[in-house]
Amino acid sequence: MSEIINSPLLWKGAVVTLQLTLYSAVLALILAFFFGLLGSSRHGWARAIGRFYVEFFRGLPALVLMFWFFYSLPLVGIRFETMVAGVLALGLNYGAYGAEVVRGSINAVPTAQYEATVALNMLPRQRMWRVLLPQAVPLMLPPFGNLLIELLKATAIVSLITISDLMFRAQQLRASTGKGTEVFLVVLVMYFVMAQILQLLIRYLERRSERILGRRPRRRAATAIAGTTGTGSLSGVGGEGS
Amino acid sequence: MTWDWSYAGDLVGPLLGGLRLTIAATALGYVLALALGLVWAILRRSPNVVLNQAVRWVIEFIRSTPLLVQLVFLFYALPTTGIQFSAFWTGVIGLGVHYSTYISEVYRAGIENVPRGQWEACTALNLPRSRVWFAVVLPQAIRKVIPTLGNYLIALFKDSPLLLVITVPEVMRVAYTEGGKSGFLEPFTVTAALFVIVSVLSSILIRRLEGRYAII
Amino acid sequence: MPSSDTMSEVPTPEDPQGAPMDKTAADGALPHGSTPGIRFEKVVKRFGDNIVLRELNFTVAPGERVTLIGPSGSGKTTILRLLMTLEKLDDGVIWIGDRPLWHMPRGDGLAPANEKHLHEMRKQVGMVFQQFNLFPNMNVLRNLIEGPVRVLGLSKDEAVERARELLDMVGLVDKIDAHPTQLSGGQQQRVAIARALAMQPKVLLLDEVTSALDPELVVGVQDLLRDIARASDLTLLCVTHEMHFAKDISDRVLMFDKGQIVEEGPPEQIFGEPTEQRTRDFLQAILAT
C-alpha cells in the first residue's frame, strides 16, 4: 500500500487533474454566460441560438466529443494538442449545463423586479445588468458548485487520450505494481478529498452571496437535486422557466 | 481524407448493434439505481445516528468520485470477492451504484416535500410502517419527482460510453474498433449523431412528463 | 379606429372640487410643472379569450386625482399596467397629454410604438406597486438613485441630495443605508413611493399600495400619500379597496365592472348615494368584510 501512496506519479496526476478542472471551468463559465444570456434574450433569434447550443452539447457525452476532436478532426486537417481537445470537450459540455443554470436563474428572478425596472424606465441593458443579473448570480452559485464537482469527476476521461492526469497515472501505477484494486481505491479517495475541498470553497462563496441579497443561507438539501448531470433539471433555482 | 458516405453507411449496422448493448446497460443500470436509491433514501431517514451518518458518507463518497475510476476499480476489485462478473455486468453495477446516490437525493427531496400532515394522519390511523411508506408517502413523493428521475435516465445513458474502458462492446467501443481499421472520422461522427438524436428525443419526452406531473 | 385628436379636447372634471388643492405644504422634493391628462379611447385588452377591457373610454384631466374601484377582475389594475407599459394594448389608443402611449404617428395614422418611443413616454409616468418591488440587491439609497443616475442622467451628488430630501419627506432618512429586507412592509412601501417620485413623474399610478401591509401600517402610508397628493400637481390614478382613502385622495371615483365604467362621480356621491345597483352591491360587499 505504501508504495502506492508514496508514489510521486499520483501526486503529479492530481495536479494535472486540478489544472484541467480549472481551465475547463473557466471556458465553461464564459460559454455559460454567453449562451445563457442569449437564451434569456427578448429576441427570438438569440434564444434559438442559445437553445441550439444547449440542446446539442448537453446531448453529446463529453467523451464522445473529446474522441471526435482527438481522433476524427485530424483526418480533415484540424489538429489539437491533447490538452486542448480535453479542455474544449469538457468546456463545451459543461458550458451547456451552465447556460441552462444562467437562463433558469435569470428567469427565476421575480417578474415584479422586472416590472419595477420598467416603471423606473430603465433601458433593457440596464434592466439586465443592474437588477436582474445581480439577483440571479446568487441563485446560480449552488448549481454551479454542483457542476464544478461534476466537472472535476468528468476530467478523468482525458486519461483516455493520454493526458497524464490522476486517472492516467493510476493506470500506469497499476501496470507497474499489478495492484489494481488498491491503486484505484487510493485514487478514489484522492478524488473524494479534492471534491470535499472544492465543496468547502463553494459553501463559503454561497454564504457570501446570500448575504448580498440579505437572505439566510439555504440548506443544501434544496439544491442537492439540482441534477447537475441531469439534462438541466433546475429544481434548485425554481424550475425550468420558459 | 474526406467524408465517405458509403463507409458511414456500412457503419450504421455495427454501431446500432453496439447501441443495443448501450441501451441494455443503461436500462439495467437504471433499474438498479432506482432500487438502491430507495434503500439509501429510507436508510437516511433512520433514527439511528450511526447508520444515518454512515450511509450519508457512503453516498457522498460515491457521488463525488468519477464513475470512470469506479468502473475500473470494480473491474479489478469484484473478482477478488470470488464472484466472477462479466464486463457487462460489472458495468451495470458501476452505473447503477453511481446513479443510485443521485437518485436517493431525488427521492429524499420528494419525501421531504410530502406534507407533515400526511405522516400525522398515518399515525392517527395507526397504519403499519410498511403501509405508511408504500401506500402513502412514496406514491406522493415519487409522482412529483418523475421528471427529475427522467433527467437522470438521460444522464446515465450519456455516461454509458465509459463502459468502453472495461472492454464492454457498447457503441463507443464498436466505433473505436471500427475506426482502428479504416479511419476515425466516420465512426465517431455517426456515434456522436446517434447520441445527440437519442438525447434530444428523450429530453422532449421529459418535457412532456413535466407537463403532466408537477415539478417539485 | 384610432383618432388623431389631441388632448386639447380633454374636458375638465365635472366637479373640480376647488382643485388645484392647497399647495402651501408643497415640498421641494415633489415634482411640479406642466401635468398631462390621460385619455383612453376604445381601449381593448384581452388575456387569451378573456376580455378584460372592452372598448373602454375615459378621460383624466391634468392634475386630476382619480380612484378606480370595482370587484377584482374588473380591469382596474390592467388600466394602470397598460399606462406603465407592463401590458400590451390590443386595440384602441391611450393618450398621455397630446401623445399616444402605445403608438407613433406615421403618415395620417398611428403605428405601433417601438421601445424608444415607450422609453420617451415612460418618463412621464411612475408607479407604486402592491408588493413594493424594491431591489433586494441594493440598499435604500441605491434603490433611490439608480433610476435618477442611470435613466435621468443626474449626477450622483444631485441624485443623493434628492434621495435625502425624499427620504426626509417619507420619514426614513435614518434608513438610508438599510437593506430592503431589514425594513417593515410600511417602511418598504414608503421607500418605494420615494423611489417612484425620484423619477419626477407627471403621472403617478398607485396599485393597491396598502393591501400588502399589516393593518396597523396602512394609515401611515395613506397619510403620506394624501399629503403628497395635496402638495403636488401630479395626475394621480389610484386603485384601492380602502374607501376612506379613496374619499381622502380623489377628485373623482370611477366604478368598474367587467371592463367597463358602471358609474362615476365625486367620492361623496359614489360612496354616499350611488345610483347604480352594481355599485351599491360592491360597496356593501366591501363594508361587510
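Residues numbered from 1 in each chain as written. Chains lettered and ligands numbered in written order. Predicted model: local features only at pLDDT ≥ 70, side-chain atom pairs only at ≥ 80, totals over all residues. Heavy atoms only, no water.

A. Here's a closer look at the overall build of chain C. Looking only at helices and strands, chain C has nine helices and twelve strands in total. Taking the contacts inside chain C whose residues are at least 6 apart along the sequence as the reference set, 68% of them involve residues at least 24 apart. (Helix = DSSP H or I, 4+ residues; strand = E, 2+ residues; numbered from the N terminus. Contact = heavy atoms within 4.5 Å.)

B. Seen up close, the overall build of chain B. Helix and strand counts for chain B come out as eight helices and zero strands. Along chain B, helices and strands appear, N-terminal first, in the series α-α-α-α-α-α-α-α. With the C-alpha coordinates of chain B rotated into their principal frame, the extents come out at 75 × 45 × 25 Å. Scored against the burial criterion, the 216 residues of chain B give a buried share of 51%. Carbon and sulfur atoms make up 66% of the accessible area of chain B, which amounts to about 9,800 Å² in all. Between the mean site of the 17 positive side-chain charges and the mean site of the 11 negative ones, chain B shows a separation of 14 Å. (Buried < 20%, exposed > 50% of the residue type's maximum accessible area, 1.4 Å probe, protein only. Areas by Shrake-Rupley, 256 points an atom, 1.4 Å probe, with all protein chains shown as cover. Lys, Arg positive; Asp, Glu negative; His and termini not counted. Charge placed at Lys NZ, Arg CZ, Asp CG, Glu CD.)

C. Here's a closer look at the UniProt feature "domain: ABC transporter" (unreviewed entry) in chain C. Here, UniProt's "domain: ABC transporter" (unreviewed entry) annotation points to residues 38-283 of chain C. As annotated, residues 38-283 of chain C comprises 38% helix and 28% strand, and the C-alpha atoms at either end are separated by 26 Å. (UniProt positions renumbered as here; feature names shortened; annotations may be inferred.)

D. Layout of the interface of chain A and chain B. Facing 51 residues of chain A, the contacting portion of chain B comprises 50 residues. Buried surface at the junction of chain A and chain B, summed over both partners, amounts to about 4,400 Å²; 70% is from carbon and sulfur atoms. One can count one salt bridge joining chain A with chain B. Note that R207(B) and E55(A) form a salt bridge whose closest N and O atoms lie 3.0 Å from each other. One can count 16 residue pairs in polar contact (both at pLDDT 80 or more) joining chain A with chain B. Among the elements of the structure, α3 (44-59), α4 (62-72), α7 (124-154), α8 (166-177), α9 (180-212) and α10 (220-224) of chain A are those that each provide at least two residues to the side of chain A that touches chain B. Broken down by element, the residue count for the side of chain A that touches chain B peaks at twelve residues, all from α9(A). Among the residues making up the side of chain A that touches chain B, the classes are represented as 27 nonpolar, 16 polar and eight charged. (Buried area = accessible area lost by both parts, 1.4 Å probe. Salt bridge = Lys/Arg side-chain N within 4 Å of Asp/Glu carboxyl O. Polar contact = N/O pair within 3.5 Å; in protein donor to acceptor, adjacent residues only side chain to side chain. Nonpolar A, V, L, I, M, F, W, Y, C, P; charged D, E, K, R; others polar.)

E. Just the interface of chain A and chain C, in detail. Taken residue by residue, the interface counts 22 residues in chain A and 25 residues in chain C. Interface area for chain A against chain C, summed over the two sides, is near 2,100 Å², with a carbon-plus-sulfur share of 55%. Of all residues in chain A, L120(A), N121(A) and R130(A) bury the most surface against chain C, accounting for 33% of the area lost on that side. For R81(C), the salt bridge is made with E115(A), and the minimal N-O distance between the two is 2.5 Å. Across the contact surface, chain A and chain C share ten residue pairs in polar contact (both at pLDDT 80 or more). Of all elements in the fold, only α6 (111-119) and α7 of chain A reach the threshold of two or more residues within the side of chain A that touches chain C. When its residues are assigned to classes, the side of chain A that touches chain C shows twelve nonpolar, six polar and four charged.

F. Structural context of the nonpolar core. In this structure, F40(C), I79(C) and L83(C) are the most contacted members of the largest nonpolar core, which totals 169 residues. Beyond its immediate stretch of four places on either side in the chain, I79(C) contacts F40(C), L53(C), L56(C), F58(C), L68(C), L237(C) and F256(C). (Core = buried A, V, L, I, M, F, W, Y, C linked by side-chain atoms within 4.5 Å.)

G. Structural view of a negative patch on the surface. Together, D157(C), E158(C), E161(C), E165(C) and D168(C) make up a negatively charged patch on the protein surface. Among the structural elements, D157(C) can be located in helix α4 (residues 156-170). (Patch = residues over 30% accessible without salt bridge, like charges linked within 9 Å, V, L, I, M, F, W, Y side chains within 5 Å.)

H. Structural context of the pattern of salt bridges. Enumeration over the complete set of coordinates arrives at 25 salt bridges over all chains. For E87(C), the salt bridge is made with R81(C), and the minimal N-O distance between the two is 2.9 Å. R81(C) matches E87(C) in its accessibility class, with the two residues each being buried. Close ionic contact of K123(C) with E120(C) constitutes a salt bridge, the shortest N to O distance being 3.4 Å. In this structure, a network of salt bridges that share partners links the residues R51(A), E55(A), R58(A), E100(A), R103(A) and R207(B).

I. Broad picture of the pairing of strand β9 (residues 203-207) of chain C. All names here are of chain C. When you tally the buried positions in β9, you get five out of five residues, the bulk of the element. By the alternation rule, side chains of β9 split into V203, L205 and D207 and L204 and L206, which are all buried. Note: strand β8 (residues 125-128) against β9, four bridges, orientation parallel. Bridge pairing in β9 links V128 to L206. (Pairing = 2+ DSSP bridges.)

J. Main features of the pairing of strand β3 (residues 65-69) of chain C. Residues and elements named next belong to chain C. β3 sits mainly inside the fold: five of its five residues count as buried. Of the two faces of β3, the one lined by R65, T67 and I69 and the one lined by V66 and L68 are each fully buried. Of the strand pairs in this sheet, β3 and strand β10 (residues 235-239) are connected by four bridges, and their pairing is parallel. If you follow L68 over to β10, its bridge partner there is V239.

K. Molecular detail of the sheet that holds strand β11 (residues 252-257) of chain C. Residue and element names in this part refer to chain C. In spatial order, the strands read β8-β9-β10-β3-β11-β12; together these six strands make up an open sheet with mixed pairing. Every other strand in the sheet has two partners, leaving β8 and β12 (260-265) as the edge strands with one partner each. Each strand axis lies, on average, 20° off the axis of its neighbour in the sheet, ignoring direction. Against the sheet, helix α5 (residues 185-198) contacts β8 and β9, and its axis sits at roughly 175° relative to β8. (Axes fitted to C-alpha atoms, helices over the stretch in contact; angles between N-to-C directions.)

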